Amino acid sequence: MTAFPEGTPGTGIVGVGSHLPSQVVSNGYVAARAGVTPEWIVRKTAIRERRYAGRYEATSDLAARAAEAALADAGITADQLGWVVVATSTPDQPQPATACLVQHQIGADGAAAFDVNAVCSGFVFALAAAARLMSGSGGHGLVIGADVYSRIIDPSDRKTAILFGDGAGAVVLGPVPEDRGFVGGGMASRGDLSGLIRVEAGGSRVPASKESVVDGSHYFRMDGRGVREFVTDQLPAAVASVLDANGLTGDDVDHFIPHQANGALLADVWPLLGLGRARQVTTVERHGNTSAASIPIALDHARREGRFTDGDLLLMAGFGGGMSMATALIRWHGRPAAGGGGEPRVA
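Remember, predicted model here, so these are calculated numbers, not experimental data.

Here the focus is the pairing of strand β5 (residues 81–87). Among the 7 residues of β5, 5 are classified as buried, and the element is accordingly described as predominantly covered. Here 6 bridges tie β5 to strand β7 (residues 140–148), and the two strands are oriented parallel to one another. Note on β7: the bridge partner recorded for A87 is G145. Both β5 and strand β6 (residues 112–116) contribute to a ladder of 5 bridges, which runs parallel. Bridge pairing in β6 places V85 opposite F114. In the classification by handedness, the crossover that spans β5, the intervening helix α4 (residues 98–106) and the parallel β6 is right-handed.

This is the structure:
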């Protein structure tokens, strides 16, 4: 696992925000199209509902609303940003980068903007990139995880249609006391396992065509058993690695914020992580798997509930297509939650 981000003391999260579409999609609706029952979905995933973007909502729209919430929480304006980094695997369009569209929507005219695609681990990869960039420049950066998977799932595929929802979460990075902020982290990729999670059409190898639409090549596909084996095998090792590299143990972690892939999977892997006193943050029951958005949405949810206190150690862990995995240890720089309540902003 490649370590990050050395040399970033005093850089941390100074604002958090998230945004969910208004359309609530029940298990009953998803189950009818996938040929399963609502009870089966709960048993396999612990998911009870999720949100779908409206017809005219794109990834950049959700991302911009989450960004505005995070900026308000940080108490800064968009023109103070030096960087806008968007983690997504469902961009508005192949080009330009969705981050550029968000930059324009929020008025961050002076910021450099780019996308990161590490699928469901993308938010933590994007955090690493932004933290490294800011270690030399200072100032403030915006990191967003946003995805609209409702547009690329096959409603008849019970392995994937039951899991995914849409949403966005964002954090503002900025200066914090030297004993707060990023402690360390790690990233890894297993390109040999890339076939476990894929969208085959729409790129240079299989360009979009009438044939690709007819045969469903533009849909998200996943080998569920292979993904489960990967996570069960690799996540405990990744957690142990980042803690050991930073001279910590599982007992030092106060909050574990994983990618909200599948509630049943998270419950199964939790005892293997050795985080005995930590509290695991889960939102998958109400939001489903929102891909790169899931960690920042969960972070915002927990923050709004007042779970974090100044000095708490947070461990984030993302895993997804590639196959990629990323961890981040952050010492929380606490302020009272703005507004209170646990739910993210809703359209």
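Structurally, L173 can be placed in strand β8 (residues 166–175). Along the chain, L173 and L71 lie 102 residues apart, while their C-alpha atoms are 10.0 Å from each other. Excluding residues within four positions of it along the chain, L173 makes contact with G12, I13, V14, L127, A130, A131, M134, G139, H140, G141, V143 and F182.

Per the UniProt record, "domain: Beta-ketoacyl-[acyl-carrier-protein] synthase III C-terminal" (unreviewed entry) is found at residues 243–332. Secondary structure content for residues 243–332 is 28% helix and 24% strand, while the C-alpha to C-alpha distance between its ends is 16 Å.

Running from N to C, helix α1 (residues 27–34) and helix α2 (residues 38–45) cross one another at 100°; their axes reach a closest spacing of 8 Å. Comparing the axis directions of α1 and α2 gives the class roughly perpendicular. Contacts from N27, G28, V30 and A31 of α1 reach α2 at P38, I41 and V42. Residues belonging to the contact of α1 with α2 are distributed by class as follows: 5 nonpolar, 2 polar and no charged.

The geometry of an aromatic ring pair is captured by two quantities: the separation of the ring centres and the angle between the planes. Tallied over the entire structure, the rule returns 5 aromatic pairs. Ring centres of Y149 and F164 lie 4.7 Å apart, and the angle between their planes is 15°; this geometry places the pair in the stacked category. Taken together, the positions of Y149 in the loop between β7 and β8 and F164 in the loop between β7 and β8 put the pair 15 residues apart, joining distant regions of the chain. Its relative accessible area of 2% is what places Y149 among the buried residues. Judged by relative accessible area, F164 falls into the buried class, the value being 1%.

Analysis parameters
Residues numbered from 1 in each chain as written. Predicted model: local features only at pLDDT ≥ 70, side-chain atom pairs only at ≥ 80, totals over all residues. Heavy atoms only, no water. Buried < 20%, exposed > 50% of the residue type's maximum accessible area, 1.4 Å probe, protein only. Helix = DSSP H or I, 4+ residues; strand = E, 2+ residues; numbered from the N terminus. Pairing = 2+ DSSP bridges. Right-handed = clockwise from strand over helix to strand, strands pointing away. Contact = heavy atoms within 4.5 Å. UniProt positions renumbered as here; feature names shortened; annotations may be inferred. Axes fitted to C-alpha atoms, helices over the stretch in contact; angles between N-to-C directions. Parallel < 35°, antiparallel > 145°, perpendicular 65-115°, else oblique. Nonpolar A, V, L, I, M, F, W, Y, C, P; charged D, E, K, R; others polar. Phe/Tyr/Trp six-rings, centres within 6.5 Å; stacked < 30°, edge-to-face > 60°.

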